[in-house]
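Residues per chain are reported as follows:
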Amino acid sequence: MKKKITLAFILITSFLSAQIKGTVTDSNGNPLPYVNIYIENTYIGTTTNENGKYELNVNTAKNVTLLFQYLGYKTQKHVINITQNPFIYDVTLQEEDFQLNEVVVQNGINPADEIIQKAIANKKINADKTDKFEADFYSRGIFRVKDIPEKFMGVEIGDLDGSLDSTRSGVIYLSETVSKIKFEKPNNLKEEIIASKIAGNDNGFSYNTALNTNYDFYENYVDFGINMISPIADNAFNYYRYKLESSFYDDKKQLINKINVTPKRDKEPVFEGYIYIVEDTWAIYGIDLDIKGYRMQQPILETMKLLQNFSYNTEEKLWVKNVQSLDFDAGIFGMKFTGKFTHVFSNYNFKENFDKKTFGKEIVTFAENANKKEDTFWQTTRPVPLTDEEVSNYTKKDSIQTIRKSQTYLDSIDAKSNTFKVFDIITGYTYKNSFKNWNFSYDGLLNFSSISFNTVQGWNLDSGFSFRKWNEETGKFTSISSKFNYGFSEDRLRVVGRYYHRFNTKNYANLSLSGGSTVSQFNSNEPIPNFVNTVSTLFFKNNFMKLYNKEFAEINYGQELVNGIVFNANLSYENRHSLFNTTDYTLIKNDDVYTSNNPLNPFDYTSGFAKHSLYKAGISTRIRFGQKYISRPDGKINIQNDNYPILSFSYEKTFGGSASNYNYDFVAARIDYSKTFGNKGEFDFNIRGGKFFNADGISFIDYKHFNGNQTHVNFRGNYTNAFNLLPYYTHSTNDAYIETHLQHNFKGYIMNKIPLLNKLQWNLVGGFHQINVPNIKPYQEFSVGFDNIGFGKFRFLRIDYVRAYQNGYQGDGILFGLRF
């Protein structure tokens, strides 16, 4: 009975709807990609794929009027009498009869400039006409790679789950989504993903959404990771030159102006290409613009092309974007990457207003079984037909997935990789059970990545064991690990064990237990990385890292309480005692001597702090105001709202100390904020403060220590969390403090305007840092420098000149930074 009902339903719907499909070519028979095809005076449409193929589902079996619109070609109107389903209808487009009038500049006025001026003057009117709407949204993304090596930096790459062919090229990602969206300018979005599909992953949920697809050229800036200046921005004439290349009439006899857009200065965040403007209304008819990677300060990206097609509804007198595509190509280390995103907006319903509860913090959701849609759904719903390459990739990846997810295959692969070799005792070994999602690892006797040197331990290295188990559907993750650290000069082994469990990926509740014996820096933030300290000691005999021994046991729990508010609690026991230098070894011999391991007295080599123990309890919270999020069946993705700062609060109490003077209370707060000012750069600040209570006799370990730097290098990349020239422990306090860090990165705003210097593509950066503690003058640093220094695609260097003041000038220096 169910089968009969289903058959009847299919027959009825086939009479009420139909599918039109075909190929669109030029007069020479060449297929035309991304042709805008829509039903006249509706918001129902589609576009051709890369091979000029199109499909359009219509809810009628009667005549339908289709418009075929393509930039540079005459718009054609076709009244189609649907006689069968599917109905095949091919179209040949003719190149536009452009009015190639010679551009004459009269009285110093360029006609293209006049058109752009009118587009700028009317952009708010045109933007407001479509500022609130509901629509159907379709997205497809594909990424291709070429010339991928078998190994990269010693790591086996493999065939990327069957993506690569014998030439080490292929499609590594193909995905589609179908959504219902509600949108209100500037950035309110509510999206329900009805269907999601990923090649080679029948249980996967695509990351393609309408979020960050609103490239609105009516706004002054278009966000591509950096604010790109719109060709019709209020200040566009400061950045662009315009040329009226041609004009033509569309099928509604509206005059369309094709404006060539070129940058005045090459290195600024600008577009180049064409913008099409409608005469009289001065609305956007189409966008065909290129973006250079270096202009986005993304040197690995070579070029990105953005196309936008708008259709006109004569009844509502609206120009509406219905097709958008992004093509990019990139490359590094001889590897090539290309990709394409296609977005189709249809079935618009423009609103006067939305209900106040329409838009909330949850911006994207998935319908039940969104990833389980049958092929028939996609065949009847997908607005842009797949290319042969995409069809082949889906078929290939889905068949490979069936094989590679089977226990037989996974066990066979594991059996090969799990083979133990004698040399693994030295280099390390991993045993995997891929079908049951767990592995066991041994780091080896020589874990070269962990080797470091300090004056307490001498040369030291780590080894250890770890067990990991995970569940991709629930987000659960468990890790049990141990670390063995041995110091050769000290001749001592220390062991730390850790258990970590994440309960889910909804609120990311997690529990960790750890304990053992370890060497710790007096500043628990560890301002000196092991590698930097190793170089500093061995080459310059500067042992800035000051260490003590800690035996401890600790338990931590954390989770997101409600959206935007994260809570953490911890309880620990610590037993501490002093450590002393055990070696004076150096690679470059000189007469200098190492300072002691006492941060308060660099020449006290024999005495240290009294051995003591205590208990610590602490709670902390982080508040991200206005945080939005994506709800996925496999987890929650938080999206920070840059309009608001991040606030953090913490309280710590010590008790049960081996002497009562070690007990204290401590409260702290912090505010972080980052703001982009158009194309004028990014401003960041970090202000934090705290106060100790009953802390007169506490251990120096528990003081507030500031992240100083005496090495003149910064490998961490965070310039609003540390000082540049501050000695590591000179300003430590057990009282109150306020710490301030400010930075503005102009992102090329100034440098791009200076002839010759703009070719360097450096970013000017200014900074200010200050410490305020009771009874002494504030310590201050002023810095100016350049970021994005390098050559070609490799721009990883930053250089700052810093001057320090405290009750007068204290000194200056150059700081070198690396970021990768």
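Please read these numbers as outputs of a predicted model, since none were measured by experiment. (Residues numbered from 1 in each chain as written. Predicted model: local features only at pLDDT ≥ 70, side-chain atom pairs only at ≥ 80, totals over all residues. Heavy atoms only, no water.)

## Focus: the overall build of the chain
- When you go through the chain residue by residue, the secondary structure sums to 7 helices and 44 strands.
- Dimensions of the chain along its principal axes, counting C-alpha atoms only, are 95 × 80 × 50 Å.
- Across the 820 residues in the chain, those meeting the buried criterion constitute 49%.
- Looking at the chain alone, contacts between residues at least 24 apart form 61% of all its contacts between residues at least 6 apart.
- Of the roughly 39900 Å² that the chain leaves accessible, carbon and sulfur atoms contribute 55%.
- Averaging the locations of the 91 positively and 88 negatively charged side chains of the chain gives two centres separated by 2 Å. (Helix = DSSP H or I, 4+ residues; strand = E, 2+ residues; numbered from the N terminus. Buried < 20%, exposed > 50% of the residue type's maximum accessible area, 1.4 Å probe, protein only. Contact = heavy atoms within 4.5 Å. Areas by Shrake-Rupley, 256 points an atom, 1.4 Å probe, with all protein chains shown as cover. Lys, Arg positive; Asp, Glu negative; His and termini not counted. Charge placed at Lys NZ, Arg CZ, Asp CG, Glu CD.)

## Observations concerning the pattern of salt bridges
- Scanning the entire structure with this criterion turns up 40 salt bridges.
- With a closest N to O distance of 3.6 Å, E551 and R492 form a salt bridge. Of this pair, E551 sits in strand β31 (residues 547-562) while R492 sits in strand β29 (residues 492-502), and the two are 59 residues apart along the sequence.
- Using a relative accessible area of 28% as the deciding quantity, one classes R492 as partly exposed.
- Three or more residues are tied together by salt bridges with common partners; here these are R140, E176, R382 and E390. (Salt bridge = Lys/Arg side-chain N within 4 Å of Asp/Glu carboxyl O.)

## Here we look at the sheet that holds strand β2 (residues 36-39)
- One open sheet holds the 4 strands; their spatial order is β3-β2-β5-β6, and the pairing between them is antiparallel. Strand pairing shows two members of the sheet lacking a second neighbour, β3 (45-47) and β6 (76-81), which therefore form its edges. For this sheet the average axis-to-axis angle between neighbouring strands, irrespective of direction, equals 25°.
- Note that strand β5 (residues 63-69) and β6 share 6 bridges and pair antiparallel. Bridging across to β6, T65 finds its partner in V79. (Pairing = 2+ DSSP bridges. Axes fitted to C-alpha atoms, helices over the stretch in contact; angles between N-to-C directions.)

## What about the nonpolar core?
- Core analysis: the largest hydrophobic core is formed by 49 residues, its most contacted members being F217, F224, Y240, F271, I275 and I284.
- At the level of secondary structure, the elements contributing two or more residues to this core comprise α2 (111-128), β15 (227-229), β16 (240-249), β17 (255-263), β18 (272-278), β19 (284-292), β20 (301-313) and β21 (318-332).
- In terms of residue count, α2 provides more of this core than any other element does, 6 residues in total.
- Counting 20 residues, the second-largest nonpolar core is a separate cluster that includes I20, Y54, Y70 and I82. (Core = buried A, V, L, I, M, F, W, Y, C linked by side-chain atoms within 4.5 Å.)

## A closer look at the environment of W762
- Counting through the fold element by element, W762 comes out in the loop between β40 (736-745) and β41 (763-772).
- The exposure class assigned to W762 is partly exposed, which follows from its relative accessible area of 23%.
- Residues W762 and G785, spaced 23 residues apart in sequence, show a C-alpha to C-alpha distance of 9.6 Å.

## Quick look at α2
- Here α2 is 18 residues long and its end C-alpha atoms lie 26 Å apart, about the 26 Å a rise of 1.5 Å per residue gives.
- The sharpest bend along α2 measures roughly 50° and falls at N122.
- Of the residues making up α2, those classed as buried are A112, I115, I116, A119, I120, K123, N126 and A127.
- For α2, the elements touching its buried residues are β16, β17 and β18.
- Its side-chain oxygen placed 3.0 Å from the backbone nitrogen of A112, N110 serves as the N-cap of α2. (Expected span 1.5 Å × (residues − 1). Bend = angle between axes of the 7 residues up to and from the residue. Polar contact = N/O pair within 3.5 Å; in protein donor to acceptor, adjacent residues only side chain to side chain.)

## Here we look at unusual backbone geometry
- Residues N85 and P86 are joined by a peptide bond in cis, for which omega reads 0°.
- Within the fold, P86 resides in the loop between β6 and β7 (87-88).
- The step from K185 to P186 runs through a cis peptide bond, and the omega angle for that step is 10°.
- Inspection of the secondary structure assignment puts P186 in the loop between β12 (170-184) and β13 (188-198).
- Its identity is not glycine, yet N437 carries a phi of approximately 60°, on the positive side.
- Following the sequence through the fold, N437 ends up in the loop between β24 (429-433) and β25 (438-442).

## Brief notes about the environment of F484
- Looking at the secondary structure, you find F484 in strand β28 (residues 477-487).
- Take F484: its relative accessible area is 27%, and that puts it in the partly exposed class.
- With 21 residues separating them along the chain, F484 and S463 place their C-alpha atoms 5.1 Å apart.
- Look past the residues within four positions of F484 in its chain and what remains in contact with it is L461, D462, S463, G464, F465, L493, R494 and V495.

## As for the pairing of β18
- Among the 7 residues in β18, 5 count as buried, and that is most of the element.
- One ladder, built from 6 bridges, connects β17 with β18; its direction is antiparallel. Paired with I259 across the bridge in β18 is I275.
- Pairing of β18 with β19 involves 6 bridges; the strand directions are antiparallel. Bridged to G273 within β19 is L289.
- Where β18 folds back on β19, the antiparallel hairpin that results is connected by 5 residues, among which D280 adopts a positive phi of roughly 75°.

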